[in-house]
Amino acid sequence: GENVEQHPSTLSVQEGDSAVIKCTYSDSASNYFPWYKQELGKRPQLIIDIRSNVGEKKDQRIAVTLNKTAKHFSLHITETQPEDSAVYFCAASTEGGSEKLVFGKGTKLTVNP
Amino acid sequence: SQTIHQWPATLVQPVGSPLSLECTVEGTSNPNLYWYRQAAGRGLQLLFYSVGIGQISSEVPQNLSASRPQDRQFILSSKKLLLSDSGFYLCAWSVFRPGLYGYTFGSGTRLTVV
């Protein structure tokens, strides 16, 4: 089955700096890669996703890149703000069938003012 | 619009008591449904998924069971809770259709077994 590895587990940056979180996946059939932000005690919220027919996607300060050959994808947050502090999860899934979403273990991002 | 309802929001149950958590979906038909558990400070572990009424697949052996009596209803149950069943339980659905794809999570149930 699919296995998703996520690094780093914790990340501390200064406000205004960039943050990068990296994930690798094992199943070459995976073709949908969402990223979630989870604040303490709340449900995960989708912040950006990418499908395997695209190499990069950007939404304001957030971007995701996908390298299908190497089976890794990354989240990039620019101009970080204190409200970006949260736990971020990457995930991988395959459209069709069970469409199970397999998560990485999460990255706790702290943005220091 | 597609919405997902999950209740209760919090629950404190004694060891050995039964459990029933319910999740219902609105605005979509024949979704795939999922139950995830998140232990304190940990990641999300898939417990069960369902691709249709009465079709349940278990991902990990455990003290819990799931049922899908209706297309848009997914229930998580236990006959006797263990301390290790404590955690944040999340229901989710997925839809992959042209112009609409992805997953939506319910607001979660925080279960504390005492």
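Residues numbered from 1 in each chain as written. Chains lettered and ligands numbered in written order. Predicted model: local features only at pLDDT ≥ 70, side-chain atom pairs only at ≥ 80, totals over all residues. Heavy atoms only, no water.

K.L.:
So, unusual backbone geometry: which residues are in play, and what are the values?
P.N.:
When glycine is set aside, most residues are seen to have a negative phi, and most peptide bonds are trans. With an omega dihedral of -5°, the bond running from His7 of chain A to Pro8 of chain A counts as a cis peptide bond. Structurally, the position occupied by Pro8 of chain A is in the loop between β1 (4-7) and β2 (10-14). Note that the residue after Trp7 of chain B, namely Pro8 of chain B, is joined by a cis bond; omega there is 0°. Residue placement: Pro8 of chain B occurs in the loop between β1 (3-7) and β2 (10-13). Of note in this structure, Gln60 of chain A is not a glycine but carries a positive phi near 55°. Relative to the elements of secondary structure, Gln60 of chain A occurs in the loop between β6 (56-59) and β7 (62-67). (Helix = DSSP H or I, 4+ residues; strand = E, 2+ residues; numbered from the N terminus.)

K.L.:
Account for the pattern of salt bridges, with residues named and values stated.
P.N.:
Opposite charge on two side chains permits pairing when their charged atoms draw close. All names here are of chain A. By the definition in use, this model includes seven salt bridges over all chains. Residues Asp49 and Lys57 are paired through a salt bridge, measuring 2.9 Å at the closest nitrogen-oxygen approach. Each member of the salt-bridge network shares a partner with another, and the members are Lys37, Glu39 and Lys42. (Salt bridge = Lys/Arg side-chain N within 4 Å of Asp/Glu carboxyl O.)

K.L.:
Tell me what's going on with the state of the cysteines, and back it up with residues and numbers.
P.N.:
A full pass over the atoms with the stated rule returns two disulfides over all chains. The disulfide partner of Cys23 of chain A is Cys90 of chain A, and the S-S distance across this bridge is 1.9 Å. The chirality of the disulfide connecting Cys23 of chain A with Cys90 of chain A is left-handed, given an S-S dihedral of about -100°. On the criterion of sequence distance, the pair formed by Cys23 of chain A in strand β3 (residues 19-25) and Cys90 of chain A in strand β9 (residues 86-92) is long-range, its members being 67 residues apart. Across the pair, Cys90 of chain A and Cys23 of chain A agree in class, each one buried. Each sulfur in the disulfide pair Cys23 of chain B and Cys91 of chain B lies 2.0 Å from the other. Disulfide Cys23 of chain B-Cys91 of chain B: the torsion about the S-S bond is -75°, which places it as left-handed. Taken together, the residues Cys23 of chain B in strand β3 (residues 19-26) and Cys91 of chain B in strand β9 (residues 87-97) connect sequence positions 68 residues apart. According to the relative accessible area criterion, Cys23 of chain B is buried, its value standing at 1%. Judged by relative accessible area, Cys91 of chain B falls into the buried class, the value being 0%. (Disulfide = S-S within 2.5 Å. Buried < 20%, exposed > 50% of the residue type's maximum accessible area, 1.4 Å probe, protein only.)

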